[in-house]
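Chain and residue survey
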Amino acid sequence: MFLAEEAVQVQFPVHETGFTPEELKELLSFLESNEPVSPNSGSEGSSRALYSMDERKQRRMISNRESARRSRWRKKRHLENLTDEVNRLNIENQQLKNQLSLVIYQCHVVWRENEELRSESVALWAKLLDLYWTLAAMQSQ
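Reading the values: rules and limits
Residues numbered from 1 in each chain as written. Predicted model: local features only at pLDDT ≥ 70, side-chain atom pairs only at ≥ 80, totals over all residues. Heavy atoms only, no water. Helix = DSSP H or I, 4+ residues; strand = E, 2+ residues; numbered from the N terminus. Buried < 20%, exposed > 50% of the residue type's maximum accessible area, 1.4 Å probe, protein only. Areas by Shrake-Rupley, 256 points an atom, 1.4 Å probe, with all protein chains shown as cover. Patch = residues over 30% accessible without salt bridge, like charges linked within 9 Å, V, L, I, M, F, W, Y side chains within 5 Å. Salt bridge = Lys/Arg side-chain N within 4 Å of Asp/Glu carboxyl O. Expected span 1.5 Å × (residues − 1). pLDDT = per-residue confidence, 0-100. Contact = heavy atoms within 4.5 Å.

Once that is clear, we can look at the overall build of the protein chain. Check the secondary structure of the protein chain and you find three helices and zero strands. Starting at the N terminus and ending at the C terminus, the protein chain contains elements arranged as α-α-α. By residue count, 9% of the 141 residues in the protein chain fall in the buried class. As displayed, the protein chain offers around 12,600 Å² of accessible surface, 58% of which is attributable to carbon and sulfur atoms.

Let us now look at a nonpolar patch on the surface. A cluster of nonpolar side chains, namely Trp125, Leu128, Leu129, Leu131, Tyr132 and Trp133, defines an oily patch on the protein surface of about 750 Å² accessible area. Topologically, Trp125 is positioned in helix 3 (residues 53-140).

The next thing to look at is helix 3. With 88 residues, helix 3 extends 126 Å between its outermost C-alpha atoms, agreeing within 8% with the 130 Å of an ideal straight helix rising 1.5 Å per residue. Buried within helix 3 are the following residues: Arg59, Glu66 and Val109.

Turning our attention to the pattern of salt bridges. Scanning the model with the defined rule gives five salt bridges in all. The salt bridge involving Glu92 is made with Arg88; its shortest N-O contact spans 3.5 Å. Here the residue Glu92 and the residue Arg88 both occupy positions in helix 3, the gap between them amounting to four residues, near one helical turn. According to the relative accessible area criterion, Arg88 is partly exposed, its value standing at 47%. Overlapping salt bridges bring together Glu66, Arg69 and Arg70 as one network.

On to the confidence of the model for the protein chain, then. Residue-level pLDDT values for the protein chain average 82, and 74% of them are 70 or greater. Looking over the protein chain, one finds the lowest element-wise mean pLDDT in helix 1 (residues 14-17), namely 53, and the highest in helix 3, namely 96. Low pLDDT, under 50, characterises residues 1-8; the stretch is placed with eight contacts to residues that sit more than four places away or in other chains. Here residues 41-48 scores under 50 on pLDDT; set against residues more than four positions off or in separate chains, the count is 10 contacts.

Written as structure tokens, this is what we have:
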């Protein structure tokens, strides 16, 4: 399979494969050996089984634990992101409430000024009407 002169440089990210460094060395040495590999080398009855059932169970358990750890980490990050978004939205909501309060106050001030102007307009129309009546009375005499 591999020649003895060939230098094989293979790097496996241990945290992603679930293999320990010792397991990786054993697997690499098995791959580098010149022994032929039979198609059923991984079966239970084979004398060439790479790992025993207990070893496979142990590897699977370690792999599952690592997968669960990554899942918990992703869930934690997602929760942190949601919490950050809730905080940001609460701040934005408070700012919008403050702006709405200011606009309502300004609307109330303008409404009050408008009412005062209407009242003043009614009073001025009344005076103007009185002046017309007075002028009309003076002209008729």
